Amino acid sequence: HAEAFENHDRCSVVGVADHDHELAREKITEVLAQGERTAEFDLVAGDGEVIPYEFTGSLIAGNQGGSRSYICGIGRDLRRVRQREAELREQRDLVNRILKTARVAIVIIDADGTVTRVNPAAERLLGLDQSAVEVEPVDFTEWAFVDESGDPVPPAEHPVVQVQATHEAVHR
């Protein structure tokens, strides 16, 4: 199958941006050799707009009698995916800046009660170490929580215990 493709000219990858022609030919050859492949290419629309696209192609082999083989494929426009990825990166960067610059201790705990992240203030105020938190779970139930007036908070009223029990935010 691959030999037949090699004899075709650039029309076999029509619409693919010039800088992706070789990659497209390589992936088509892989489909012919391995039966299926997914790849991303830039397509050039009729108006000249370059559009990121993801293609999945599968080989539909002809029978032994010499009938032709085909590649059946489907593609999807990745513009919305790329836009959403950029938005998520912006949000992540904002959260990282907030965590880094906040003067209060911020501790992020997952649904299982495992501390997954702490900010520099939490490291300083609670004696935690972000690199250690990533390796070894922290037992927050040993922490001595206090309320706004400095009075101890009973373990059953710890914010994390309440969130785990109710699945709702605790505002104090």
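This text follows the structure it describes.
Numbering of residues begins from 1 in every chain and follows the order in which that chain's sequence is written. Under the rules for a predicted model, residues below a pLDDT of 70 receive no local features and side-chain atom pairs below 80 are neither given nor counted, while totals for whole chains, interfaces and linings still include all residues. Just so you know, side-chain values use all the structure's heavy atoms and leave hydrogens and water out.

K.L.:
For the layout of surface pockets, give the residues involved together with the corresponding values.
P.N.:
Of the two site types, the cavity is a set of points on a 1 Å grid over the protein atoms alone where a 1.4 Å probe fits but cannot get out, and the pocket is an open set with protein on both sides within 12 Å along at least five of seven lines, each lined by residues with an atom within 4 Å of a point. Grid points are joined across faces, edges and corners, and a volume is the space filled by probe spheres set on the points. Empty space within the second largest pocket amounts to approximately 310 Å³. Every residue lining the second largest pocket is listed: Val-104, Ala-105, Ile-106, Val-107, Ile-109, Leu-125, Leu-126, Trp-143, Ala-144, Phe-145, Pro-159 and Val-160. Counting residues per element, the ones that place at least two in the lining of the second largest pocket are β4 (107-109), α4 (120-126) and α6 (159-166). Elements are defined by DSSP. Helices are runs of H or I of four residues or more, strands are runs of E of two residues or more, and each kind is numbered from the N terminus.

K.L.:
I'd like a rundown of the pattern of salt bridges, residues and numbers included.
P.N.:
Pairs may arise between side chains of opposite charge once their charged atoms sit close together. Here a salt bridge means any side-chain nitrogen of Lys or Arg lying within 4 Å of a carboxyl oxygen belonging to Asp or Glu. Going through the model one piece at a time under the given rule, you end up with 7 salt bridges. Taking the shortest distance from any N to any O, the salt bridge between Arg-82 and Glu-40 comes out at 2.3 Å. Taken as a pair, Arg-82 in helix α3 (residues 79-101) and Glu-40 in strand β1 (residues 36-44) lie far apart in primary sequence, 42 residues in all. Here's how the labels work: a residue is buried when its accessible area is under 20% of the maximum for its type, exposed when over 50%, partly exposed in between, all with a 1.4 Å probe on protein chains only. Under the relative-accessibility criterion, Arg-82 is labelled partly exposed at 28%. Several salt bridges converge on common partners, so that one network encompasses Glu-40, Arg-82 and Glu-85.

K.L.:
Describe in detail the packing of aromatic side chains, supporting the description with residues and values.
P.N.:
In this analysis, rings of Phe, Tyr and Trp, with Trp reduced to its six-membered ring, are considered paired at centre separations within 6.5 Å, and the interplanar angle assigns stacked below 30 degrees, edge-to-face beyond 60, and tilted for intermediate values. Under the defined criterion, the tally for this structure stands at 2 aromatic pairs. When the centroid spacing of 5.8 Å and the interplanar angle of 40 degrees are considered together, the rings of Phe-41 and Phe-55 count as tilted. With Phe-41 in strand β1 and Phe-55 in strand β2 (residues 50-60), this residue pair connects regions lying 14 residues apart in the sequence. The class of Phe-41 is buried, set by a relative accessible area of 8%.

K.L.:
Go over the sheet that holds strand β3 (residues 70-77), please, and point to the residues and values.
P.N.:
Backbone hydrogen bonds are what pair the strands of a sheet, in a parallel or an antiparallel way. Note on pairing: DSSP must find at least two bridges between two strands before they are called paired. With respect to topology, 3 strands assemble into an open sheet ordered β1-β2-β3, the strand pairing being antiparallel. With one partner strand each, in any of the chains shown, β1 and β3 form the two edges of the open sheet. If you compare each strand with its neighbour and ignore which way they point, the axes differ by 30 degrees on average. Bridge count for β1 against β2 is 9 bridges, and the pairing is antiparallel. Bridge pairing in β2 links Phe-41 to Tyr-53. In what follows, residue pairs with any heavy atoms lying within 4.5 Å of each other are defined as contacts. To define axes, lines are fitted to C-alpha atoms, for helices over the stretch in contact only, and angles between the resulting N-to-C directions are given on a 0 to 180 degree scale. Strands in contact with helix α2 (residues 21-34) are β1, β2 and β3; relative to β1, the strand with the most contacts, it is inclined by about 160 degrees. Sheet strands touched by α3: β1, β2 and β3. Its angle to β2, the strand with the most contacts, is close to 125 degrees.

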